[in-house]
Amino acid sequence: MVRMSAEERRESVIRAAVTEFARSGYNGTSTEAIARRVGVSQPYLFRLFPNKEAIFLAASQRCLADTIRVLERASEGLEGEAALHSMANTYRKLIADDPEKLHMQMQMYVAVASAEAAGDHAFGDSVRAGWLVLWDMVHLALGADVDETTSFLAYGMLINTLVSLGFPAGDRVWSGFYDSARPVDG
């Protein structure tokens, strides 16, 4: 049996953390559940990450980085409306094919809001920094147009909300979306 390197184990922990945090949120997820999913002990988990917050922040950064990567690929070589529709269609597919990405995003927002309410602003600073990279990427892909960037991301958040609430593809709430952003049945 081939042993995994610490970096490979760290990667396994991040993937497991995305799954666990997406399902149960920051407060509802134990490090024991993450360690069990990876197949390591909790002490080993804490050799890779100093604490649960660091694991959550790594999972959050991974979720954002994955989203940025698929949107960059979708908009590569495109401009304006073509980039917008390609990114919208790709994002729609991303959250349909990998709902953990959507659930992790939603958990990130809840965790940051809870931390901020408790006076922990450093936690939110880290997640906000990652989100700003997403904003900048979309902004550049859409020709550095602030209104287009804001509109695209606002629609994205509305999509997140409607999908999270379980509105089916044919529901009237989707009627104002361009076709590339509407969910498909199935």
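Anything mentioned here points back to the structure above.
Residues numbered from 1 in each chain as written. Predicted model: local features only at pLDDT ≥ 70, side-chain atom pairs only at ≥ 80, totals over all residues. Heavy atoms only, no water.

Q: Could you give me a rundown of helix H2 (residues 31–38), with the residues and numbers involved?
A: If you check which residues of H2 are buried, you get Thr31, Ala33, Ile34, Ala35 and Val38. As for H2, its buried residues are in contact with helix H1 (6–28), helix H3 (42–48) and helix H4 (52–75). One or two steps after H2, the chain reaches Gly39, where phi turns positive at roughly 90°. (Buried < 20%, exposed > 50% of the residue type's maximum accessible area, 1.4 Å probe, protein only. Helix = DSSP H or I, 4+ residues; strand = E, 2+ residues; numbered from the N terminus. Contact = heavy atoms within 4.5 Å.)

Q: Before we move on, could you go through H4 and cite the residues and values that matter?
A: One full turn of an α-helix is made of 3.6 residues, so residues set three or four places apart face in the same direction. Between the first and last C-alpha of H4 there are 35 Å, a value that for 24 residues agrees with the 34 Å anticipated at 1.5 Å per step. N-cap assignment for H4: the residue whose side-chain oxygen lies 3.2 Å from the backbone N of Glu53 is Asn51. (Expected span 1.5 Å × (residues − 1). Polar contact = N/O pair within 3.5 Å; in protein donor to acceptor, adjacent residues only side chain to side chain.)

Q: Which residues make up the packing of aromatic side chains, and what values go with them?
A: On inspection of all chains with the given rule, the structure shows eight aromatic pairs. Seen from their ring centres, Phe56 and Phe123 are 5.6 Å apart, and the 20° between their planes marks the pair as stacked. Highlighted residues: Phe56 in helix H4 and Phe123 in helix H7 (residues 121–141), separated in sequence by 67 residues. Judged by relative accessible area, which is 0%, Phe56 ranks as buried. (Phe/Tyr/Trp six-rings, centres within 6.5 Å; stacked < 30°, edge-to-face > 60°.)

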